[in-house]
Amino acid sequence: AGLVTYYHGGNNFKFWHQEGVDMYKKWQNEEGIQLSFNQPGSIRLIQNEDRMKEANYTLSKSKLYQGLFGGPEMNMISPEEVKRLHPLVNTDGLLAALYTQGDGHID
């Protein structure tokens, strides 16, 4: 399986990632090419205050880019929401998580 994500910490790579996701969606949904492309979203777990600072920076940068250029929405979610989305995750000690709807993988 290969990850196909909207998320990337680098400014220019965000555009390439979005283009890649959009191409796979088009090939599979509009052109009928069977790729086993699935988009369940991604969850980035935040387990300490240092990661929380990094996550807040990432989230603010993501909101800026979304406002300027469109694209996927990234949200901060609670440990309870993580458990709802993925019941097998151990949320003990988890502060929060970043969730990007539409991130996916190809099997």
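These notes cover the structure that comes with them.

Criteria and thresholds
Counting starts from 1 at the beginning of each chain's written sequence and moves along it residue by residue. Whole-chain, interface and lining totals are the exception, using all residues; otherwise, since this is a predicted model, local features are given only for residues with pLDDT of at least 70 and side-chain atom pairs are given and counted only at 80 or more. Only hydrogens and water are set aside when side-chain values are computed; all heavy atoms of the structure are taken into account. We count a stretch as a helix when DSSP gives it H or I for four or more residues in a row; a strand needs E for two or more, and each element gets its number in order from the N terminus. Here the term buried applies to any residue with accessible area under 20% of the maximum for its type, exposed to any over 50%, and partly exposed to those in between, with areas from a 1.4 Å probe on protein chains only. For two strands to count as paired, DSSP must find a minimum of two bridges between them. Each axis is a line fitted through C-alpha atoms, and for a helix only the stretch in contact is used; angles between axes span 0 to 180 degrees, taken between their N-to-C directions. Residue contacts are counted whenever heavy atoms from the two residues lie within 4.5 Å of one another. By the criterion applied in these results, polar contacts are pairs of N or O atoms within 3.5 Å in which, for protein atoms, one can donate a hydrogen and the other can accept it, and in which residues neighboring in sequence qualify only through two side-chain atoms.

1. Structural notes on the overall build of the chain
Part 1 of the reasoning: Scanning the chain from N- to C-terminus turns up 3 helices and 6 strands.
Part 2 of the reasoning: Ordered by position from N to C terminus, the α and β elements of the chain give β-α-β-β-α-β-α-β-β.
Part 3 of the reasoning: Across its three principal axes, the chain shows a C-alpha extent of roughly 45 × 35 × 20 Å.
Part 4 of the reasoning: Going through the 107 residues of the chain one by one, you find that 32% of them count as buried.

2. Section: the sheet that holds strand β3 (residues 42-46)
Part 1 of the reasoning: Read across the open sheet, the 3 strands follow the order β3-β5-β4; overall the sheet is antiparallel. At either end of the open sheet lies a strand with only one pairing partner, and these are β3 and β4 (74-77). Across the sheet, the mean angle separating the axes of adjacent strands is 25° when strand polarity is ignored.
Part 2 of the reasoning: Sheet topology places β4 next to strand β5 (residues 96-100); 4 bridges connect them, and they run antiparallel. When the bridges of β5 are listed, methionine 76 appears paired with leucine 98.
Part 3 of the reasoning: Along the sheet, helix α2 (residues 49-69) contacts β3, β4 and β5; its crossing angle with β4, the most-contacted strand, is approximately 150°.

3. Notes on the environment of aspartate 107
Part 1 of the reasoning: Tracing the sequence through the fold places aspartate 107 in the segment after β6 (104-106).
Part 2 of the reasoning: Placed 69 residues apart in sequence, aspartate 107 and asparagine 38 show a C-alpha to C-alpha distance of 8.1 Å.
Part 3 of the reasoning: Looking at aspartate 107, its side chain comes within polar contact range of the side chain of asparagine 38, at 3.2 Å.
Part 4 of the reasoning: Separated by 2.9 Å, the side chains of aspartate 107 and histidine 105 make a polar contact.

Don't take any of this as a statement about function, it's just geometry.
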